[in-house]
Amino acid sequence: MIEVVGFLSVDPRLCLISEEMEDEGAQFHNLPGSLVPRLHAVSVRKLKHNNPLLELNFCSSADEVLGLARLVRQDLHLVLSQVLLGDHLAANYFICHLISSVFQRSELLALGQLSLNISNVVCGHGYTEKLYTVLRQLVTKSHYQPLTIENLNKCTFTPKKDYDANRLVSGILQLSTQTHLVLDETCLEPGQLDSNGVHNVAALGTLISQQKVDYDFQFYKLEFKADVPVLVLSEGKSLLPVIQDDFVRLRRETDTKTSASDLHLLLVLSR
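By the naming in an unreviewed UniProt entry, the protein chain goes by Mini-chromosome maintenance complex-binding protein and is assigned to Cryptotermes secundus. In its Subcellular location (unreviewed entry) section, UniProt records this for the protein chain: "Nucleus". The record in UniProt for the protein chain states the following under Sequence similarities (unreviewed entry): "Belongs to the MCMBP family."

This is how it looks when you write it as structure tokens:
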């Protein structure tokens, strides 16, 4: 996210195309200002955080921060426990998920990411939408995405280059840092995924496990790093890789050595 001081141009005359133009692609390069506003920047500054209610350079004593954090955590745990129908353990994991962020990368590992799957979610009565409504009040940026067969097959999840129009077509996963993505699997019904659906599921898996999004330029793919906490709401077992499976395996295989991936998850959770 950036802060820009400049001039916003929404001139409707930019959409006028001369009949004498023979270039069929001209219409793509002269879209109306209402669709593609022009921003002439005088000064650009990258924001250090995404909370508009905090000062840009927020700093305070460690004791004061820890004291406030303790009180906030108590209130947050109370609210989330009620939202999660009295599940205090799930509320603890939810808090860890909300404050998680990528702090370092090592090969395919994104250290710090803590995607979460909450299963056995009550279906009907609009529960998932109500849970997301509460989440929206707690974070500054979020996106709710129902995972239906139709959405998976028809939606564009990763950005793709349109060479005919000579522009990049945006995708759902083209999200700025610390945008909380909520994937609702409770609306998923039996059906057949086409090639685009399979590609979208794979893109979600890559974002969850590696925190990266591959932009499709047709002739090659360009990898962009991401820092997007992902929350998956499901009625049963999720079709996406999440942290839950690793902890279940740890509890079941107490007599085996902990793998590097398991150790990474534990370190992230402890941090």
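**Student:** How should the overall build of the protein chain be read in this particular structure?
**Tutor:** Counting secondary structure elements, the protein chain contains eight helices and 12 strands. Taken over 271 residues, the protein chain has a buried fraction of 33%. When contacts within the protein chain are restricted to residue pairs at least 6 apart in sequence, long-range pairs at least 24 apart make up 66% of them. As displayed, the protein chain has an accessible area near 17400 Å², and 55% of this comes from carbon and sulfur atoms.

**Student:** Help me understand the packing of helix α2 (residues 62–83) against helix α4 (residues 127–138), please; the structure alone is not making it clear to me.
**Tutor:** Between two packed helices, the angle of one axis relative to the other and the distance separating the axes together describe the packing. Packing of α2 against α4 brings their axes to within 11 Å, and their N-to-C directions diverge by 170°. Between α2 and α4, the angle falls in the class roughly antiparallel. Here α2 and α4 pass one another in a crossing that is right-handed. Listed contacts from α4 to Leu76, Val79, Leu80 and Val83 of α2 are Tyr127, Leu131, Val134 and Leu138. In terms of residue class, the contact of α2 with α4 is built from eight nonpolar, no polar and no charged.

**Student:** Explain the sheet that holds strand β6 (residues 142–146) to me, please; I cannot follow it from the model alone.
**Tutor:** Backbone-to-backbone hydrogen bonds pair the strands of a sheet. The strands run either parallel or antiparallel. Strand order across the open sheet formed by four strands is β5-β12-β9-β6, with parallel pairing between neighbours. The open sheet is flanked by β5 (116–118) and β6, the only strands paired with a single partner. Strand-to-strand, the axes of this sheet are offset by a mean angle of 15°, without reference to chain direction. Sheet analysis places strand β9 (residues 180–184) next to strand β12 (residues 230–233), joined by four bridges and oriented parallel. Across the sheet, residue Asp184 finds its bridge partner in β12, namely Leu233. In the packing of helix α3 (residues 88–98) onto the sheet, contacts are made with β5, β9 and β12, and the angle to β5 comes to roughly 150°.

**Student:** What's the story with α2 in this structure? I'm lost.
**Tutor:** Three or four residues apart is the spacing at which side chains of an α-helix point the same way, because the helix has 3.6 residues per turn. Under the 1.5 Å per step criterion, the end-to-end length of α2 is 31 Å for 22 residues, consistent within 8% with the ideal 32 Å. Among the residues of α2, Leu76, His77, Leu80, Ser81 and Val83 are the ones counted as buried. All buried residues of α2 fall inside an arc of 130° around its axis, so they share one side. The exposed residues of α2 that point more than 90 degrees off its buried face are Asp63, Arg70, Leu71, Asp75, Leu78 and Gln82. Those residues of α2 that are buried are in contact with α3 and α4. Where α2 ends, the next residue or the one after it, Leu85, has phi of about 60°, a positive value.

**Student:** Just checking my understanding: could you explain the environment of Leu98 for this structure?
**Tutor:** With respect to the secondary-structure elements, Leu98 resides in helix α3. Among the residues examined, Leu98 registers a relative accessible area of 12% and is labelled buried. Between the C-alpha atoms of Leu98 and Gln178, which are 80 residues apart in sequence, the distance is 9.4 Å. What Leu98 contacts, discounting residues up to four positions off in sequence, is Leu76, Leu80, Leu135, Leu138, Val139 and His180.

**Student:** Whenever I open this one, the pattern of salt bridges confuses me. Can you help?
**Tutor:** Any two side chains of opposite charge can pair, so long as their charged atoms come close to each other. Considering all chains together, one arrives at three salt bridges under this definition. For Glu150, the salt bridge is made with Lys154, and the minimal N-O distance between the two is 3.5 Å. In this pair, Glu150 and Lys154 are both assigned in helix α5 (residues 149–154), four residues apart and thus about one turn of the helix distant. As far as burial versus exposure is concerned, Glu150 and Lys154 are alike and both exposed. For Glu223, the salt bridge is made with Lys212, and the minimal N-O distance between the two is 2.9 Å. Separated by 11 residues along the polypeptide, Glu223 in strand β11 (residues 221–225) and Lys212 in strand β10 (residues 212–216) bring together distant segments of the chain.

Rules behind the numbers
Along every chain, residues carry numbers that run from 1 in the direction the sequence is written. Local features in this predicted model are restricted to residues of pLDDT 70 or higher, and side-chain atom pairs are both shown and tallied only at a pLDDT of 80 or more, whereas totals for entire chains, interfaces and linings draw on every residue. The basis for every side-chain value is the complete set of heavy atoms in the structure, and neither hydrogens nor water enter the calculation. UniProt positions are given in the numbering used here, feature names are shortened, and annotations may be inferred rather than shown by experiment. A run of H or I in DSSP counts as a helix once it spans at least four residues, and a run of E counts as a strand once it spans at least two, with each numbered from the N terminus. Each residue's exposure class comes from its accessible area (1.4 Å probe, protein chains only) as a fraction of the maximum for that residue type: buried when under 20%, exposed when over 50%, partly exposed otherwise. The criterion used for residue contact is that any of the two residues' heavy atoms lie within 4.5 Å. Computed with a 1.4 Å probe, the accessible areas rest on the Shrake-Rupley method; for each residue, only the protein chains presented here act as cover. As a rule, the C-alpha atoms of each element are fitted with a line to give its axis, helices using only the stretch in contact, and angles between N-to-C directions run from 0 to 180 degrees. For this classification, under 35 degrees means roughly parallel, over 145 means roughly antiparallel, 65 to 115 means roughly perpendicular, and everything else is oblique. If you view the pair so one helix is near and one far, a crossing is left-handed when the near helix is turned anticlockwise from the far one by less than a right angle, and right-handed when it is turned clockwise. For this classification, Asp, Glu, Lys and Arg are treated as charged, while Ala, Val, Leu, Ile, Met, Phe, Trp, Tyr, Cys and Pro are nonpolar and the rest, including Gly, are polar. In this scheme, strands are said to pair when DSSP sees at least two bridges between them. Take the residue count of a helix, subtract one, and multiply by 1.5 Å to get its expected span. As used here, the arc belongs to the directions running from the helix axis to the C-beta atoms. Salt bridges are counted wherever a side-chain nitrogen of Lys or Arg sits within 4 Å of a carboxyl oxygen of Asp or Glu.

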